[in-house]
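What the coordinates show
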Amino acid sequence: MRKVIVIIMLVVGMLPAMALDKPASLLNKIWYGMNQEQVAAVLNKPIRRSVLDNGDVLCVYSLYSDKSCVMSNLYYIIYRHDEAIERGTTNHDNTSMTALPFGQINEDGTVMPSQQTQDSNMKVVHIPSSYILKDKVFICNRSPYPVLKAIAVNSNDFNQIVGSCTLLNANDCVEVADFPSNSLCLLRGRDIAVKVKGVKNNEILDITRFPIDQIPTDQVTYDFLIYTEARNHDLYICIDIVSPQGDSANPLDF
């Protein structure tokens, strides 16, 4: 009987250790597209789980962010169709959420800037803090030339795509993203990187009817002016041409 009591005491004493939070540095093993079961194998099960209005699943995890293992912070991961699409820090009632790019996490829980390949065709654009943003992203071609492809990504993590599109004719505007739970506001005050591949030939007016593989390489250009607008709480990424003097073709851009 005494031996049984001792065993029970040992097991009970082990329970707190088994339930200890894991280090935030394990977020380095969480990648875009992982499912909830795969994440649980790394971080343990979430302490909270809720379904958002658009059907996405929000899971909150408690992870410690210092070597002493005594101070834990809350982190969230949003899943869409059981695939991780966003992660970040949060508080006890999810009223303060900050997205973290999928990259390296330091021991203190902060993000280590990822090293990216330098691309001279990438344009870095700042999203003003004054923008009131909620959910949708549009890409608008305000140049007189067709756009073959355009993509906007987080400037710190090129794997975190803000929106992309292909075959955008002059004066076309297309919705490219719908962020969950007003999380688009997390872009305010941050930078995005935008790359646009287009045609510098005004004879090709409709790329949907022109054989793309027949466009000469000397007619392809990446030299576009990129700027943003906020309308109806949505983010508009605008593509325009640059004049020979380096000025915008937009008459209101001065």
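As a convention, each chain's residues are numbered from 1 in the sequence order in which they are written. Reporting in this predicted model follows two pLDDT cut-offs: at least 70 for local features of residues, and 80 or more for side-chain atom pairs to be given and counted; totals over whole chains, interfaces and linings ignore these cut-offs and use all residues. As a rule here, side-chain values cover all heavy atoms of the structure and leave hydrogens and water aside.

**Here's the deal with the state of the cysteines**
- For this text, the term disulfide refers to a pair of cysteine sulfurs within 2.5 Å. A complete count under the given rule lists one disulfide for this structure.
- The disulfide bridge from Cys-140 ends at Cys-173, spanning 1.9 Å between sulfur atoms. Taken together, the positions of Cys-140 in strand 10 (residues 136-141) and Cys-173 in strand 13 (residues 173-178) put the pair 33 residues apart, joining distant regions of the chain.
- Free cysteine Cys-238: the closest other cysteine sulfur is in Cys-140, separated by 5.2 Å.
- In this scheme, a residue with accessible area under 20% of its type's maximum is buried, one over 50% is exposed, and one in between is partly exposed, where area comes from a 1.4 Å probe on protein chains only. On the basis of relative accessible area, Cys-238 is assigned to the buried category, the value being 0%. Helix and strand labels come from DSSP, where a helix needs a run of H or I of at least four residues and a strand needs a run of E of at least two; each type is numbered from the N terminus.

**Thoughts on the confidence of the model for the chain**
- Residue-level confidence of the predictor is what pLDDT reports, using numbers from 0 through 100. The predicted model of the chain has a mean per-residue pLDDT of 78, with 73% of residues at 70 or higher.
- Ranking the helices and strands of the chain by mean pLDDT puts strand 10 first, with 95, and helix 1 (residues 2-18) last, with 45.
- In this model, residues 113-117 is a region of pLDDT below 50 whose contacts with residues beyond four sequence positions or in other chains number six contacts.
- Note that residues 244-254 has pLDDT below 50 and, in this model, 11 contacts with residues that lie over four places away or in other chains. For this analysis, residues touch if any pair of their heavy atoms sits within 4.5 Å.

**Some points on the environment of Thr-217**
- With respect to the helices and strands, Thr-217 occurs in the loop between strand 14 (191-199) and strand 15 (220-221).
- Judged by relative accessible area, which is 72%, Thr-217 ranks as exposed.

**Describing unusual backbone geometry**
- For Asn-44, which is not a glycine, the phi torsion comes out positive at approximately 75°.
- Residue placement: Asn-44 occurs in the loop between helix 2 (36-43) and strand 2 (48-51).
- Relative accessible area serves as the criterion here: at 31%, Asn-44 is assigned to the partly exposed category.
- Of note in the backbone geometry, Leu-167 takes a positive phi value of approximately 50° without being a glycine.
- Within the fold, Leu-167 resides in strand 12 (residues 157-168).

**Considering the side chain of Asn-154**
- Counting through the fold element by element, Asn-154 comes out in strand 11 (residues 147-154).
- Other than its neighbours up to four places away in sequence, Asn-154 contacts Gln-160, Val-162 and Asp-191.

**Focus: the sheet that holds strand 17 (residues 234-241)**
- One open sheet holds the four strands; their spatial order is 13-10-17-16, and the pairing between them is mixed. A single partner strand is all that each edge strand has here, and the edge strands are strand 13 and strand 16 (224-231). Direction aside, the axes of adjacent strands within the sheet are offset by 20° on average.
- Alignment of strand 10 against strand 13, held across five bridges, turns out to be antiparallel. The residue of strand 13 that forms the bridge with Phe-138 is Glu-175. We call two strands paired when DSSP finds no fewer than two bridges between them. Lines are fitted to the C-alpha atoms to define the axes, a helix being fitted only along its stretch in contact, and any angle between axes, read from their N-to-C directions, falls within 0 to 180 degrees.

**Some details on the pattern of salt bridges**
- Only one rule defines a salt bridge in this text: a Lys or Arg side-chain nitrogen within 4 Å of an Asp or Glu carboxyl oxygen. A full pass over the atoms with the stated rule returns four salt bridges.
- What you see here is one network of salt bridges that share partners, running through Arg-142, Glu-229 and Arg-231.

**As for helix 2**
- Of all the residues in helix 2, the buried ones are Gln-36, Val-39, Val-42 and Leu-43. Seen end-on, helix 2 carries its buried residues on one side only, within an arc spanning 120°. In helix 2, the exposed positions angled more than 90 degrees off the buried face are occupied by Glu-37 and Ala-41.
- Tucked inside the fold, the buried residues of helix 2 contact strand 1 (22-23), strand 2, strand 3 (57-64) and strand 4 (72-80).
- We call two N or O atoms a polar contact when they sit within 3.5 Å, provided that within protein one can donate a hydrogen and the other can accept it, with sequence-adjacent residues counted only if both atoms are side-chain atoms. For helix 2, the N-terminal capping position is held by Asn-35, with its side-chain oxygen 3.2 Å away from the main-chain nitrogen of Glu-37.
- Within two residues after helix 2, Asn-44 carries a phi angle of roughly 75°, on the positive side. Think of it as the arc spanned by the lines of direction from the helix axis to the C-beta atoms.

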